[in-house]
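Summary of the model geometry
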Amino acid sequence: MADSGKRVLLAAPRGYCAGVDRAVVTVEKALDLYGSPVYVRKEIVHNKHVVTTLQKRGAIFVDETDEVPEGATVVFSAHGVAPVVHEEARALSLRTIDATCPLVTKVHREAVRFADEDYDILLIGHEGHEEVIGTAGEAPEHIQLVDGPDDVDNVTVRDPDKVVWLSQTTLSVDETMETVRRLRERFPSLQDPPSDDICYATQNRQLAVKQMAADCDLMLVIGSRNSSNSVRLVEVALEHGTPAGHLVDYADEIDESWLDGVSTVGVTSGASVPEILVREVLEYLEARGYGDVSPVVAAQESIMFSLPAEIRRDLKAAGKADTMRHDASFADSTSGLH
């Protein structure tokens, strides 16, 4: 039953982006085509539920390429890998399937291009993040990491007139722009990337949170703690007026005391989160009087990426369809409403 004084604002878009959908379906199709086990280097996407579900189907997740048996099938995660990883795979005669998000691949290509032109490349991102490691590996002698605005003073370049910035695709838009502003104060000739590096899905999910933040007493973000874009959503909510925000993988992680005195709960999910987890949170809230659910629509998303060429080729040879699944969270902006 809905309590007349309680409501939920449900962000749209939320959840699976096109790159995550592509990566998850890639592993599923690989298991269908080649059978178990299929090895996956690193987590295919940063979500505990997705990884556990694929493990149950026969996917084996490893940290490094040399953990994969010679001649086996390995999928590279959506976050991308450095060229050295491809070399390691060739040395082990592995069947490789590259599930790198096409938007991450775009940043890799930009890095190679600017390195070829002998630029100093300032890569804005979080140290140790898989995407950053992969991008930096494209041109390690030209790339230096800038881990947020406070790291700008540590940057040194060879020629201040030949500097460009690139970024991890899952960052806070506002923090990235502040980092760029400070970099430009030091290097007025700083060049922008040819197109925006922060992915459309990251920006749209942050935009929805910005629009609803001031109207929420509590923001619940469904996502895993190693998911950069999910962590950013909590930060964006707090920065834009929500008094409290929490990141949870599952509904049963919600502390009921968080709801004390709360009339409006905002709900969203990171770009690697399947919609079933959002529905479970909505059911949890409905059982506690928050049955009035209203969407906050910040953008419409229709982008889909085709599966990796290796999978499409083998699906065609096997007479199977190469169709993609469209996760409900971005196929239908009102998904999850009662």
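Right above here is the structure, for reference.
Definitions and limits used
Residues numbered from 1 in each chain as written. Predicted model: local features only at pLDDT ≥ 70, side-chain atom pairs only at ≥ 80, totals over all residues. Heavy atoms only, no water. Helix = DSSP H or I, 4+ residues; strand = E, 2+ residues; numbered from the N terminus. Contact = heavy atoms within 4.5 Å. Polar contact = N/O pair within 3.5 Å; in protein donor to acceptor, adjacent residues only side chain to side chain. Buried < 20%, exposed > 50% of the residue type's maximum accessible area, 1.4 Å probe, protein only. Pairing = 2+ DSSP bridges. Axes fitted to C-alpha atoms, helices over the stretch in contact; angles between N-to-C directions. 1 Å grid on protein atoms, 1.4 Å probe; cavity = no way out; pocket = protein on both sides within 12 Å on 5 of 7 lines; lining within 4 Å. Points joined across faces, edges and corners; volume = space filled by probe spheres on them. Nonpolar A, V, L, I, M, F, W, Y, C, P; charged D, E, K, R; others polar.

**A few points about the environment of D217**
Along the chain, D217 turns up in the loop between α7 (200–213) and β9 (218–222). Spatially, the C-alpha atom of D217 lies 45 Å from that of D32, the residues being 185 residues apart in sequence. Setting aside residues up to four positions removed in sequence, D217 forms contacts with T242, P243, A244, V262, S263 and T264. Within the structure, the side chain of D217 is placed 2.9 Å from the side chain of S263, a separation counted as a polar contact.

**Quick look at the side chain of S77**
Inspection of the secondary structure assignment puts S77 in the loop between β4 (73–76) and α3 (83–91). On the accessibility criterion, S77 (2% relative accessible area) is buried. In this structure, S77 is in contact with R41, K42, E43, I44, A99, T100 and E130, ignoring residues within four places of it in sequence.

**Quick word on the sheet that holds strand β1 (residues 7–12)**
In space, the five strands of this open sheet follow the order β10-β9-β11-β1-β12, with parallel pairing throughout. Since the sheet does not close on itself, it has two edges, and those belong to β10 (244–248) and β12 (293–297), each with one partner. Here the average twist between neighbouring strands, direction ignored, is 25°. One ladder, built from five bridges, connects β9 with β10; its direction is parallel. Following the sheet pairing, V221 is matched in β10 by L247. This element, α7, spans β1, β9, β11 (264–269) and β12 of the sheet and lies at about 150° to β1.

**A word on empty space enclosed by the protein**
Applying the stated rule across the entire model yields three cavities of 30 Å³ or more. Within this model, the largest cavity holds a volume of roughly 260 Å³. Along the wall of the largest cavity there are 23 residues; nearest its centre are C17, V20, H79, T170 and N229. At the level of secondary structure, the elements contributing two or more residues to the lining of the largest cavity comprise α1 (18–34), α4 (102–116), α7 and α8 (228–239). Its residues placed into classes, the lining of the largest cavity shows 11 nonpolar, 11 polar and one charged.

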